[in-house]
Amino acid sequence: MENNISNEINLKNNLENEKEQKSFLETTIGKTINTAIDIGIRTILPDYIENQIIDLKDNLIQYGLKDGIKRSIDDAINIGKSAIGILTGNFENISQAQNAIRSGGIIDNVSSLLDDVINKVYKNGLINYTIANTIKQGKNSILNNIEKNIENTFNNQTKTLNNTEKYINNWKEKFENNDFYGMEREYKKIEKEINNLMPIEKIINNVRIIENLHNLIKNNGQDFNLSQEQIQLAQKL
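Caption draft 1: A look at the overall build of the protein chain. Counting its secondary structure elements, the protein chain contains 10 helices and zero strands. Starting at the N terminus and ending at the C terminus, the protein chain contains elements arranged as α-α-α-α-α-α-α-α-α-α. Taken over C-alpha atoms, the radius of gyration comes to 23 Å for the protein chain, far larger than the 18 Å a tight globule of 237 residues would show. Reported as C-alpha extents along the three principal axes, the dimensions of the protein chain are approximately 75 × 40 × 25 Å. Counting only residues that meet the buried cut, the protein chain has 38% of its 237 residues in that class. Taking all contacts inside the protein chain whose residues are at least 6 apart in sequence as the whole, residues at least 24 apart take part in 73%. On the protein chain, roughly 13900 Å² of surface is accessible, and the fraction owed to carbon and sulfur atoms is 45%. The centroid of the 28 positive side-chain charges in the protein chain is displaced by 3 Å from the centroid of its 32 negative side-chain charges.

Caption draft 2: Up close: the packing of aromatic side chains. The final tally for this structure, using the stated rule, is four aromatic pairs. Ring geometry for W171 and F175: centres 5.3 Å apart, planes at 10 degrees, overall stacked. Within this pair, W171 and its partner F175 are both found in helix α7 (residues 139-176), separated by four residues, close to a single helical turn. Owing to a relative accessible area of 2%, W171 belongs among the buried residues under this scheme. Look at F175 and F224: their rings are 6.1 Å apart centre to centre, the planes differ by 45 degrees, and that puts the pair in the tilted class. Remark: F224 occurs in the loop between α9 (201-219) and α10 (228-234) and F175 occurs in helix α7; sequence separation between them is 49 residues. Cluster of aromatic residues (ring-pair linked, three or more members): W171, F175 and F224. In this arrangement the basic side chain of K81 is found over the ring face of F91, its NZ or CZ atom lying 5.0 Å from the centre.

Caption draft 3: Up close: the packing of helix α3 (residues 65-83) against helix α5 (residues 106-123). Direction vectors running N to C along α3 and α5 enclose 155 degrees, while the axes themselves pass 9 Å from each other. Relative to α5, the element α3 is oriented roughly antiparallel. Here α3 and α5 pass one another in a crossing that is right-handed. On the side of α3, the interface is formed by L65, G68, I69, S72, I73, D75 and A76, while α5 contributes I106, N109, V110, L113, L114 and V117.

Caption draft 4: Structural view of the pattern of salt bridges. Per the counting criterion, the structure on display carries 11 salt bridges. Put simply, R42 and E50 hold a salt bridge, and the shortest N to O gap is 2.7 Å. Accessibility expressed as a relative area gives 34% for R42, which makes it partly exposed. Note that R185 is salt-bridged to E186, the shortest N-O span being 3.9 Å. Taking the relative accessible area as the measure of exposure, E186 reaches 5% and is therefore buried. One salt-bridge network, held together by shared partners, links E26, K70 and D74.

Caption draft 5: Examining unusual backbone geometry more closely. Look at N178: it is not a glycine, yet its phi comes out positive at around 55 degrees. As for its position among the elements, N178 is in the loop between α7 and α8 (180-194). Non-glycine residue Q222 carries a positive phi angle of around 60 degrees. Within the secondary structure layout, Q222 lies in the loop between α9 and α10. Taking the relative accessible area as the measure of exposure, Q222 reaches 34% and is therefore partly exposed.

Caption draft 6: Representation of the nonpolar core in the model. Ranked by internal contacts, the top residues of the largest apolar core, which has 58 residues, are I33, I37 and I146. The leading source of residues in this core is α7, at nine residues. For I37, the residues in contact, after removing those within four places along its chain, are K57, L65, I69, L114, I142 and I146.

Thresholds applied
Residues numbered from 1 in each chain as written. Predicted model: local features only at pLDDT ≥ 70, side-chain atom pairs only at ≥ 80, totals over all residues. Heavy atoms only, no water. Helix = DSSP H or I, 4+ residues; strand = E, 2+ residues; numbered from the N terminus. Rg over C-alpha atoms; globule rule 2.2 N^0.38 Å. Buried < 20%, exposed > 50% of the residue type's maximum accessible area, 1.4 Å probe, protein only. Contact = heavy atoms within 4.5 Å. Areas by Shrake-Rupley, 256 points an atom, 1.4 Å probe, with all protein chains shown as cover. Lys, Arg positive; Asp, Glu negative; His and termini not counted. Charge placed at Lys NZ, Arg CZ, Asp CG, Glu CD. Phe/Tyr/Trp six-rings, centres within 6.5 Å; stacked < 30°, edge-to-face > 60°. Lys NZ or Arg CZ within 6 Å of the ring centre and 35° of its normal. Axes fitted to C-alpha atoms, helices over the stretch in contact; angles between N-to-C directions. Parallel < 35°, antiparallel > 145°, perpendicular 65-115°, else oblique. Left-handed = near helix turned anticlockwise from the far one by under 90°. Salt bridge = Lys/Arg side-chain N within 4 Å of Asp/Glu carboxyl O. Core = buried A, V, L, I, M, F, W, Y, C linked by side-chain atoms within 4.5 Å.

Structure representation (structure tokens):
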């Protein structure tokens, strides 16, 4: 009975983490793609003033750019997971997510999306043939920037993960030495990094335990004399 309950909790946590990872990637990679398209359009159409760029981007969004980017990312995640052997469940580390996005055909997805959206905007008379053709001809530079920026995004995620793990280890060292002020310093660093990190179950669990222990000691007047029961309770997620 207890094992069944534990399995159900683990399954629920995995599903929730998978959902959070998907949302994080949609937002983070979505911003990366959107920024690259903005910069690309400005480069391809240097004579366009800011208001014209905004109008053009609004038209692209109206005819499916925003929803298409989200769908392209979701498709890349699903296809990429299968390609690297993750049939169910969440990513266990940054490298898995990076390989999945890369293997899932995100660049091809966005390429097809841009063609589709530009054609719709052109057919509805919102841009002329010259503008539509110019954007299509310059599409490869946009896609190259998207690919480069996605790689940079994951490189930054790796740095954030490394920092988080370092601060976690530092916190544990301060905890062992009963150094609350040192713990407080490292805890604030952890809080800052974790907000920018893709949800990874192992890291989340470690941070939750640290949070529970940290607040327990803090609320206990910085007294490190905790009972075994208190410690076990803090370690329950």
